[in-house]
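Okay, here's what each chain looks like letter by letter:
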Amino acid sequence: MSSNQEFLFEEAEQNKSNSPFFSNVQRSTLSDDLLRKESPNLRLSSPLTSGGSDSRSTSFFMALNSTIENMEQRTQQLIDKINGNRKNDHEFMNTFRENLLMKVSSLAEKLEERVFYVYDHNSKLIQDKLQVFSEIMERIRQIETELRQVCNTVEILYKDLCGQAEL
């Protein structure tokens, strides 16, 4: 690997270490030790020791595959974590909804009791006023009856007086 490529790779690794996405991911580096651990029969060669580029490209692609596999594992872990969080959120919302429904039901019952109390109180007031109204109406009927009697008496007296005046 050229020194420019090594610098870019190291810079990418540093950026990964600062990224929350790669916080718990095992990083694979393109080092001789890692490649020998993964493939003990594979020998890394430098352009000075061997003329072939097949072993170098094979090493590079093996390391690349390892990095891709790690990224896929990390991506799957993140997806699993997101799904777990969504499940937790869903459970929280269901619990919240149930608690809210219980509180709303309780509040509605209290409101209903209060409304019935007000209805009962108002009904008593209305009943009392209707009783007073009925008494007043009965008194008006009595006075009306007395007034008719007075009118009839005045009419009879008037007729008697008119009848006597004609005589």
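Computed from a predicted structure; not experimentally measured.

Basis of the calculations
The residue numbers shown here count from 1 along each chain, following its written sequence. Per-residue local features of the predicted model are confined to residues with pLDDT of at least 70, and side-chain atom pairs are confined, for both listing and counting, to 80 or more; whole-chain, interface and lining totals are unaffected and use all residues. The side-chain numbers reported here are obtained from all heavy atoms of the structure, hydrogens and water having been left aside. Strands are runs of DSSP state E lasting at least 2 residues, helices are runs of H or I lasting at least 4, and numbering of each runs from the N terminus. Residue exposure (1.4 Å probe, protein chains only): buried if accessible area is under 20% of the type maximum, exposed if over 50%, otherwise partly exposed. Per-residue and other accessible areas follow the Shrake-Rupley method at a 1.4 Å probe size, with only the shown protein chains counted as cover for residues. Note on aromatic pairs: the rings of Phe, Tyr and Trp (six-membered ring only in Trp) are paired at centre separations within 6.5 Å, and the planes decide the class, stacked below 30 degrees, edge-to-face beyond 60, tilted for the rest. Each patch is built from salt-bridge-free residues with over 30% relative accessible area, joining like charges within 9 Å and nonpolar side chains (Val, Leu, Ile, Met, Phe, Trp, Tyr) within 5 Å. Salt bridge, as used here: a side-chain nitrogen of Lys or Arg that lies within 4 Å of a carboxyl oxygen of Asp or Glu. UniProt positions are given in the numbering used here, feature names are shortened, and annotations may be inferred rather than shown by experiment. pLDDT expresses how confident the predictor is about each individual residue, on a scale running from 0 to 100. The criterion used for residue contact is that any of the two residues' heavy atoms lie within 4.5 Å.

Q: Before we move on, could you go through the overall build of the chain and cite the residues and values that matter?
A: When helices and strands are counted, the chain shows three helices and zero strands. Each helix and strand of the chain, ordered N terminal to C terminal, gives the series α-α-α. Here the chain, with 167 residues, has 9% of them falling under the buried criterion. In the form shown here, the chain has an accessible surface area of approximately 14,400 Å², with 57% of it arising from carbon and sulfur atoms.

Q: Let's hear about the packing of aromatic side chains: which residues, and what values?
A: Taken as a whole, this structure holds two aromatic pairs when the rule is applied. The interplanar angle of 20° and the centroid separation of 6.3 Å between the aromatic rings of Phe 92 and Phe 96 together place this pair among those described as stacked. With a gap of four residues between them, Phe 92 and Phe 96 both fall in helix α3 (residues 54–166), about one helical turn apart. By relative accessible area, which is 55% here, Phe 92 ends up exposed.

Q: Can you tell me about a nonpolar patch on the surface, naming the residues and giving the values?
A: On the surface, a cluster of nonpolar side chains totalling about 600 Å² of accessible area is made up of Leu 111, Val 115, Phe 116, Tyr 117, Val 118 and Tyr 119. In this structure, Leu 111 sits in helix α3. Judged by its relative accessible area of 55%, Leu 111 falls in the exposed class.

Q: Run through the pattern of salt bridges, naming residues and quoting values.
A: If you walk through the whole model with that rule in mind, you get four salt bridges. Residue Asp 120 pairs with Lys 124 through a salt bridge whose shortest N-O separation is 3.7 Å. Placement of both Asp 120 and Lys 124 in helix α3 is noted, with a separation of four residues, approximately one turn of the helix. Residue classification places Lys 124 among the exposed positions, given a relative accessible area of 52%. The partner of Glu 155 in a salt bridge is Lys 159, with the nearest N and O atoms 3.4 Å apart. Residue Glu 155 and its partner Lys 159 are located together in helix α3, separated by four residues, close to a single helical turn. The class for Lys 159 is exposed, based on a relative accessible area of 54%.

Q: Hey, could you go over the UniProt feature "coiled-coil region" (unreviewed entry) in the chain for me, with residue numbers and the actual values?
A: UniProt annotation of "coiled-coil region" (unreviewed entry) refers to residues 61–88 when read in the numbering used here. This span, residues 61–88, is 100% helix and 0% strand, and a straight line between its end C-alpha atoms measures 40 Å.

Q: Which residues make up the confidence of the model for the chain, and what values go with them?
A: For the chain, mean pLDDT is 77; residues scoring 70 or higher make up 66% of the total. Within the chain, no element has a lower average pLDDT than helix α2 (residues 32–38), which sits at 41, and none a higher one than α3, at 92. Note on residues 20–51: pLDDT is under 50 here. Beyond four places in sequence and across chains, it has 47 contacts.

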